[in-house]
Amino acid sequence: MMMMHRWRRSGDFIRSACKSLSSFRQKHNSMSPSVTGFMNRYESKVNTFEPNAWSHQYRSFGSSSSSSALKVKRNPLFSSLESKDVSFFKEILGERNVVEDEERLEIANTDWMKKYKGCSKLMLLPKNTEEVSQILKYCDSRSLAVVPQGGNTGLVGGSVPVFDEVIINVGLMNKVLSFDEVSGVLVCEAGCILENLATFLDTKGFVMPLDLGAKGSCHIGGNVSTNAGGLRLIRYGSLHGTVLGLEAVKANGNVLDMLGTLRKDNTGYDLKHLFIGSEGSLGIVTKVSILTQPKLSSVNLAFIACKDFLSCQVLNHLDGVRNPVSSSENFYILIETTGSGETYDREKLEAFLLKSLEQGLVSDGVIAQDINQASSFWRIREGITEALQKAGACYKYDLSLPVEEIYNIVNDLRGRLGNLANVMGYGHLGDGNLHLNISAAEYNDKLLGLIEPYVYEWTSKHRGSISAEHGLGVMKANEILYSKSPETVS
Amino acid sequence: MKILVAVKRVVDYAVKIRVKPDKTGVDTQNVKMSMNPFCEIALEESLRIKEAGLAKEVVAVSIGPSQCVDTLRTGLAMGADRGIHVQSDSSFLPLTIAKILKSVADVENPGLVFLGKQAIDDDCNQTGQMVAALLGWPQATFASKVVLDKDKKFATVDREVDGGLETLCVDLPAVITTDLRLNQPRYATLPNIMKAKSKPIKKMTLEDLKVEVKSDIEIVEVTEPPKRKSGVIVSSVDELIDKLKNEAHVI
Ligand SMILES: Cc1cc2nc3c(=O)[nH]c(=O)nc-3n(C[C@H](O)[C@H](O)[C@H](O)COP(=O)(O)OP(=O)(O)OC[C@H]3O[C@@H](n4cnc5c(N)ncnc54)[C@H](O)[C@@H]3O)c2cc1C
């Protein structure tokens, strides 16, 4: 049996990882042996905790750089793909939806950042829940490992195979099943692209409760599976609040119908919550029912600059954007307000900003005067991820921190890394979510050694979370104990 | 020298237009309205001329219902010195607007009148030309570059014409209408939004301006363009040939 390794761009450094949380490869039940393995690996470390430090929720695992030292081997319990498997899949899905084409597989095997790469030989495109169920049942009986994939925009290496798992992509399951114009409840298949749902809702006068830079590609099923936060969290809350129901298929092929559309339902355990943010480790999400919001007629957007914040230099990598403010400041904030009375809403935002200007909290800023201007401000915010990708290698950390700490880690790292790399922080100020990005010419071990586990320890020390909204994926599956106690993990 | 800029309040460029069910026009209820993008360019150019020390004052004028004040506020926040709001609740066709603007120009005596080459709602592309004719001034339309001589006696204007550029020299006072590539309008900054709050907007009525409104054009009907049928995916070449032959009748 071939053993594959996950590679990073640096080439010389092979990091293989356990994809315990992002693909389920278990034979008998959905708490897979890989999850157990995942915990076993931590045992020794857990024992080294100082009790005091622990009570402060501060976890330090020493400098062995847990993230890179761990080599994950392909679990020999899993079988390898054979031609009879492919024939079976063709029988249930039809030739066209069983993908063996090398070019298409190359794309499906590679993550958005081009940082993680698997070597799956097969991608399956089911058209309905029944097909998903049949696929999983078969894979279960044959001990074939699988990885669910949505729009493949995840930033933690969770959506691509670690080894040769069969990729199951629900992209063909892209129908809106129902929409209730009174309650705003949308029921759709998991493969619906977020932006298409937004466009659909727009014609009905509604908006999705979440929005993110990857909207043109990411699936609602992927959003649910990563518990994506995004740009409207402050306004509409997290998916744990807005997702009303799910349908999911477990690893053994059993379909779990949790597709309620009720706002309130206290009949026992609310299992859907386990699936929200489970990154495909419990099953494949096939349908989603979600509460959408009436579209408010007035949207006001301000792009403001403050004296002490991050640099916008990465924006040089985006075509057709310009700095909305003439001065170059350290920090920029984008504020969007929505309401139903345009003049009133605008006056309120203006009054707030002008007061901040008078008090010296804000040094400059612009307010969008039309939708075009608003889009160009959003383009800057949403383009940061893309710009960083174009800028070269990028180490990304998605941290939740107390808001007052959010920037200290950026300064800390700048000091620590000196001119080895460009350290940038952006994110969602309102919900204490920092996207810490370390941009360098290329990936290299020395740099990584300086960053990890330092960043995780720093976060743990400040009682933060090492994954605010992107999930653990392959990147951070092994680091979960920085943010969760061993009792909760086991 | 004073520059007069006409700014029109239109349905925002990014909004999907919906025709009213009774086909009398476009639905503007609860729709985001903004300054016509070509007017924004006209205002930007006026501000640049002023900043180059070639004009003393930029006056923005908007004709329409009371919400036009919002559009004027945007203009003031971009940098115009004051606004004139000609109040009227009916919607006018270009000739009436041109007459109103002429009257405003008679009162204000600007050295230049800037307009957008067209408004994105009705796409008439007539107002600037008519204003020039009514005033008896030279006109330079579709400007993609404007240079004033330092004595402010004439303006050299590049116009985008089929297959190239035409360069005109017009004596001032003149009317200039702006094309898309003339400049990139600035954003309204907080300090300027603050300053704009204390800039005056003068209200005028059609009576003040002694413009008699009579409509000689009647809009019969407004309809949406025919919907494009969505495509179909054919499963084989044979099916394609069959469809081309028997459905489309093209082969
Ligand atoms: C430009 C850009 C901006 C982003 N901005 C944000 C942001 O603001 N906020 C934020 O939270 N995230 C953001 N992200 C990352 C975010 O996690 C993903 O974009 C999105 O939520 C993932 O959806 P996807 O369909 O692409 O899933 P994928 O990347 O395909 O998969 C992500 C994970 O979910 C699993 N999965 C996917 N579909 C299913 C399914 N149907 N059933 C079970 N498991 C499934 C996969 O196995 C994988 O573990 C951004 C990404 C990019 C590229």
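Calculation notes
- Residues numbered from 1 in each chain as written.
- Chains lettered and ligands numbered in written order.
- Predicted model: local features only at pLDDT ≥ 70, side-chain atom pairs only at ≥ 80, totals over all residues.
- Heavy atoms only, no water.
- UniProt positions renumbered as here; feature names shortened; annotations may be inferred.
- Buried < 20%, exposed > 50% of the residue type's maximum accessible area, 1.4 Å probe, protein only.
- Helix = DSSP H or I, 4+ residues; strand = E, 2+ residues; numbered from the N terminus.
- Contact = heavy atoms within 4.5 Å.
- Core = buried A, V, L, I, M, F, W, Y, C linked by side-chain atoms within 4.5 Å.
- Phe/Tyr/Trp six-rings, centres within 6.5 Å; stacked < 30°, edge-to-face > 60°.
- Lys NZ or Arg CZ within 6 Å of the ring centre and 35° of its normal.
- Domains from an automatic or database assignment.
- Buried area = accessible area lost by both parts, 1.4 Å probe.
- Salt bridge = Lys/Arg side-chain N within 4 Å of Asp/Glu carboxyl O.
- Polar contact = N/O pair within 3.5 Å; in protein donor to acceptor, adjacent residues only side chain to side chain.
- Nonpolar A, V, L, I, M, F, W, Y, C, P; charged D, E, K, R; others polar.

As annotated in an unreviewed UniProt entry, chain B is Electron transfer flavoprotein subunit beta from Eruca vesicaria subsp. sativa. Taken verbatim from the UniProt record of chain B, the Function (unreviewed entry) comment is "The electron transfer flavoprotein serves as a specific electron acceptor for several dehydrogenases, including five acyl-CoA dehydrogenases, glutaryl-CoA and sarcosine dehydrogenase. It transfers the electrons to the main mitochondrial respiratory chain via ETF-ubiquinone oxidoreductase (ETF dehydrogenase)."

Chain A is annotated in an unreviewed UniProt entry as D-2-hydroxyglutarate dehydrogenase of Eruca vesicaria subsp. sativa. Chain A has a UniProt comment under Cofactor (unreviewed entry) that states "FAD".

Chemist: Got a minute to help me understand helix α16 (residues 454-461) of chain A in this structure?
Modeler: Owing to its 3.6 residues per turn, the α-helix aligns residues three or four sequence positions apart on the same side. Residues and elements named next belong to chain A. Taken across its 8 residues, α16 has 6 buried, putting it largely inside the fold. Those residues of α16 lying buried are V455, Y456, E457, W458, T459 and S460. Where α16 is buried, its residues meet β15 (393-400), α14 (408-417), β17 (433-440), α15 (445-451) and α17 (473-476). R463 lies just past α16 and shows a positive phi near 55°.

Chemist: Before we go on, may I ask you to explain the nonpolar core in this structure?
Modeler: Proteins that are soluble and globular tend to have nonpolar side chains buried together. By size, the foremost hydrophobic cluster in this structure holds 47 residues, and its most contacted members are A:F89, A:M208, A:I220 and A:L246. Among the elements of the structure, α4 (83-93), α6 (129-142), β4 (166-169), β6 (185-189), α7 (194-204), α8 (220-226), β8 (243-250) and β10 (283-291) of chain A are those that each provide at least two residues to this core. The leading source of residues in this core is α6(A), at 5 residues. Formed by 45 residues, the second largest nonpolar core is a distinct cluster that contains B:V5, B:I49, B:V58 and B:A77.

Chemist: What's the story with the packing of aromatic side chains in this structure? I'm lost.
Modeler: Two descriptors summarise a pair of aromatic rings, namely the distance from one centre to the other and the angle between the planes of the rings. For the structure on display, the rule yields 12 aromatic pairs over all chains. Considering the side-chain rings of A:F179 and A:F200, the 6.0 Å spacing of their centres and the 85° angle between planes classify their relative orientation as edge-to-face. Of this pair, A:F179 sits in strand β5 (residues 176-179) while A:F200 sits in helix α7, and the two are 21 residues apart along the sequence. Look at A:Y397 and A:Y456: their rings are 5.7 Å apart centre to centre, the planes differ by 75°, and that puts the pair in the edge-to-face class. Highlighted residues: A:Y397 in strand β15 and A:Y456 in helix α16, separated in sequence by 59 residues. Since its relative accessible area comes to 2%, A:Y397 is described here as buried. Cluster of aromatic residues (ring-pair linked, three or more members): A:F303, A:Y332, A:F377 and B:Y187. The aromatic ring of A:Y454 is capped on one face by A:R416, whose charged end is 3.9 Å from the ring centroid.

Chemist: What is the right way to read the domain arrangement of chain A from this model?
Modeler: When the parts of a complex come together, some accessible area is lost, and that lost area is often used as the size of the interface. All names here are of chain A. For chain A, the domain assignment lists domain 1 (176-294) and domain 2 (298-384). If you average the C-alpha positions of domain 1 and of domain 2, the two centres end up 30 Å apart. Taken together, the contact between domain 1 and domain 2 spans 7 residues of the former and 4 residues of the latter. Roughly 400 Å² of surface becomes buried between domain 1 and domain 2 when both sides are summed, with 43% attributable to carbon and sulfur atoms. It is G213, L231 and R235 that lose the most area in domain 1 upon contact with domain 2, and together they represent 77% of the buried surface on that side. On inspection of domain 1 and its partner domain 2, the count reaches 1 salt bridge. We note a salt bridge from E382 to K215, for which the minimum N-O separation is 3.0 Å. For the interface between domain 1 and domain 2, the tally reads 2 residue pairs in polar contact (both at pLDDT 80 or more). Residues belonging to the side of domain 1 that touches domain 2 are distributed by class as follows: 3 nonpolar, 1 polar and 3 charged.

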